[in-house]
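# Observations on the model geometry
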Amino acid sequence: MSSHSEERLNTRYLAIFLILGLLLRCVGLFLFPAGMEGDEAVVVYWGRKWIEEGRWLLISYGEIPAWETPSAYFFGALDLWGISPRVGAVFISFLEVGLCYLWVLRRSSRETALLAATFLALMPWHFFFSYVLGPCVAGLWTSLYLLDLKNPFGRMFVSFGGLAYYASFRVVLLWGGLVNLMRRRWWKLGADIAGAVTFFGALFLLGEDHIKGFISKGSYLVERGWQEALHHYLNAVLLWWLPPLQTHWGKISEISMDDVGYGFANMLGPQSPLSYGTSLFFAWGLYICFKNRTDRDICGLFLLALVLVGFSPSYVHFPFILPVVAFVAAVGASQILKKNQRAVMAVYLSLLLSLGTLAYMLGGLKSRDRWRIFSGDSEKVSQLVLAQTKAPFIWTSGIDYTKARLAADRAGIPITFFGINHVDWLNRMQMMERENKAKWVFIQAITMLERPRPEIKNLLLEAQKDYEKRLILFENNHFIKSKKEISYDGITLGVLYELGD
């Protein structure tokens, strides 16, 4: 095959697969479950609040982890403008694919760079996490660092921003420091250190709690017993590489990730981060990277991430290594094509397998919404209640408070929570009723998960008992004009009360 035909292969057919992968992400915006996880809701809620109040914070405040503060402003602004924050997440994933192409292009050929970007665009794990408001940016900072900026201030910015935004970026920075030290790239090492020192200086100025929070939230091994740490490490590695085994592990292990982990594992099905497509070439690519002196550092980054991945605070910190996985697979595929041009069909097959996997995932997004607590779609809760009241109401919520609070803030509905004793809760409710002259009160139910592990199941049962006691207390201290149970799709959402004069 001539070089011309090889060029046509890489620029036309690979570009088609790449575009299809990106378009499917846009389609997924209409199919991805509408609700948010608690952490996502917290980020969007505080971003909205800070922008509305004109507060500009650098690192953290209240519930927000140190590395989530910058994203709060971005996703909060989108939400205030009426744009779904997930649109922003998908847009960031587009940037990640583009940056992957650029940094691979600086290390290899144009064909390898396009192949790496295509593998990343079609990778089921990257596809799924491109909708999740925290991990969606993981590969962005990794690719920015691997872009190997020549400007010292640019490198300082990447080091500072990566540490401020994404906890697992410290793995990339540690790797970069070791590589620059061994290769005696002193100015690059100095720029990275300067960025890190500036970051920790900012933490120091903001208070000791910020430094403690950064260290403790970077690893589950801090302030935990060895048994729990071991369980977490094994659980993290299993979810990263073998999601079906992680689901089984979670069922037999009391000390494992919460039920959101089941959701991601079940959503991904039999997929590992390699995906069917990249797995055809990854092992060979890893060998080539190790054999090739110029790419040995990338092999080292992957192995370092593989060892340290279990020490991350949760499974959502793993996607930072996905651009590296795509690069390694692309190197393997490129080397095979150089030796045997007939292997081009294997490349097509790998891309078709990945494309088919994405189509399978898209088909299951809606049907697998029920692994989430239903009230994760708190917008639906507020809409159903408002359809009954035709007027604002007082909303009170239990363990779903972070998600309900965001929905209430969007709708301008006053809300309180169960997280105080019964008497204080009742007094707060009565005060809110007087201040808002409310005639309606909605007390949200505790929604059970379909597959809770014993530890979570016991917690939910206790919360259910507390909910029932609060209903009785509320009814005994109010004149109730009418009472109605609000349900949707067979799930009880809560009880709506109309108050008498």
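See the structure shown above.
Along each chain, numbering runs from 1 in the same order as the chain's sequence is written. Owing to the predicted nature of the model, reporting of local features is limited to residues with pLDDT of at least 70; listing and counting of side-chain atom pairs is limited to 80 or more, with chain, interface and lining totals taken over all residues. With hydrogens and water excluded, all non-hydrogen atoms of the structure serve as input to the side-chain values.

### Side note on the overall build of the protein chain
Looking only at helices and strands, the protein chain features 22 helices and five strands. Residues are treated as being in contact if the distance between any of their heavy atoms lies within 4.5 Å. Across the protein chain, contacts joining residues at least 24 apart in sequence account for 72% of those joining residues at least 6 apart. Total accessible area on the protein chain stands at roughly 22000 Å², and carbon and sulfur atoms take up 63% of it. Helix and strand definitions here come from DSSP, where helices need a minimum of 4 consecutive H or I residues and strands a minimum of 2 consecutive E residues; each element is numbered from the N-terminal end. Under the convention used here, a 1.4 Å probe and the Shrake-Rupley method define accessible areas, while residue burial counts only the protein chains that appear.

### Observations concerning the nonpolar core
Phe75 and Phe119 are the most contacted members of the largest nonpolar core, which totals 99 residues. Remark: nonpolar core denotes a set of buried residues (Ala, Val, Leu, Ile, Met, Phe, Trp, Tyr, Cys) joined through side-chain atoms within 4.5 Å. Buried means the residue's accessible area, taken with a 1.4 Å probe over protein chains only, is under 20% of the maximum for its type, while exposed means over 50%, and partly exposed covers the values in between. Membership of the second largest hydrophobic core comes to 19 residues, among which are Ala438, Tyr467, Leu471 and Leu499.

### Details of a nonpolar patch on the surface
Patch definition: residues above 30% relative accessible area lacking any salt bridge, with like charges linked at up to 9 Å and the nonpolar side chains Val, Leu, Ile, Met, Phe, Trp and Tyr linked at up to 5 Å. Salt bridges, as used here, are contacts in which a Lys or Arg side-chain nitrogen is within 4 Å of a carboxyl oxygen on Asp or Glu. A cluster of nonpolar residues, Tyr13, Ile16, Ile19, Leu20 and Leu23, forms a patch on the protein surface that exposes about 470 Å² of accessible area. Isoleucine 19 sits in the partly exposed class, given a relative accessible area of 47%.

### Side note on helix α7 (residues 138–146)
Extensive coverage of α7 is indicated by the burial of nine of its nine residues. Within α7, the full set of buried residues consists of Ala138, Gly139, Leu140, Trp141, Thr142, Ser143, Leu144, Tyr145 and Leu146. On its buried face, α7 is in contact with α4 (85–107), α8 (152–165), α9 (169–182), α10 (186–206), α16 (296–308) and α17 (322–339). One or two positions beyond α7, positive phi appears at aspartate 148, with a value near 55°.

### Side note on the environment of glycine 21
Within the secondary structure, glycine 21 is located in helix α1 (residues 3–28). Taking the relative accessible area as the measure of exposure, glycine 21 reaches 0% and is therefore buried. The sequence separation of glycine 21 and phenylalanine 127 amounts to 106 residues, and the corresponding C-alpha distance is 8.3 Å.

### Here we look at the side chain of serine 71
On the secondary structure map, serine 71 appears in helix α3 (residues 69–80). Not counting residues within four places of it along the chain, the set of residues in contact with serine 71 comprises Val43, Gly76 and Tyr165.

### A closer look at the pairing of strand β1 (residues 394–397)
Side-chain alternation along β1 places Ile394 and Thr396 on one buried face and Trp395 and Ser397 on a second face that is also buried. Two strands pair under a simple rule: DSSP has to find at least two bridges between them. When β1 meets strand β2 (residues 415–417), the two strands line up parallel, connected through three bridges. Each residue of the ladder has a partner; that of tryptophan 395, found in β2, is isoleucine 415. Crossover handedness is defined by viewing with both strands directed away from the observer: a clockwise path from the first strand over the helix to the second marks the crossover as right-handed. Following the chain from β1 across helix α20 (residues 401–411) to the adjacent parallel β2, one finds a crossover that is right-handed.

### What about the sheet that holds β1?
Strand order in the open sheet made by the five strands is β2-β1-β3-β5-β4, with mixed pairing throughout. At either end of the open sheet lies a strand with only one pairing partner, and these are β2 and β4 (480–488). Adjacent strand axes in the sheet meet at a mean angle of 20° when their direction is disregarded. Direction of pairing for β4 relative to strand β5 (residues 491–499): antiparallel, over a ladder of eight bridges. Bridging from a neighbouring strand, lysine 484 pairs with leucine 496 of β5. Angles shown run from 0 to 180 degrees and are taken between the N-to-C directions of axes, each axis being a line fitted to C-alpha atoms and, for helices, limited to the stretch in contact. The strands touched by α20 are β1, β2 and β3 (440–444); relative to β2, the strand with the most contacts, the crossing angle is about 170°.

### What about unusual backbone geometry?
One non-glycine residue, arginine 184, adopts positive backbone phi at about 60°. Structurally, arginine 184 can be placed in the loop between α9 and α10. Although it is not a glycine, lysine 437 sits at a positive phi angle of roughly 50°. Topologically, lysine 437 is positioned in the loop between α21 (422–436) and β3.

### Some thoughts on the packing of aromatic side chains
Two aromatic rings, drawn from Phe, Tyr or Trp (for Trp, its six-membered ring), form a pair once their centres lie within 6.5 Å of each other, and the interplanar angle then sorts them: stacked below 30 degrees, edge-to-face above 60, tilted otherwise. Summed over all chains, the structure comprises 22 aromatic pairs. Between tryptophan 103 and phenylalanine 327 the ring centres are 5.2 Å apart and the planes differ by 45°, which places this aromatic pair in the tilted class. With tryptophan 103 in helix α4 and phenylalanine 327 in helix α17, this residue pair connects regions lying 224 residues apart in the sequence. Across the pair, phenylalanine 327 and tryptophan 103 agree in class, each one buried. An aromatic cluster is built from Tyr45, Trp46, Trp50 and Tyr73, whose rings are joined through pairwise contacts. Two conditions define a charge sitting above a ring: the NZ of Lys or the CZ of Arg must be within 6 Å of the ring centre, and it must be within 35 degrees of the ring normal. Above the ring of phenylalanine 290, the side-chain terminus of arginine 296 is found at 5.3 Å from the ring centroid. In this structure, arginine 470 is placed above the aromatic ring of tryptophan 425, and the distance from its NZ or CZ to the ring centre is 5.3 Å.

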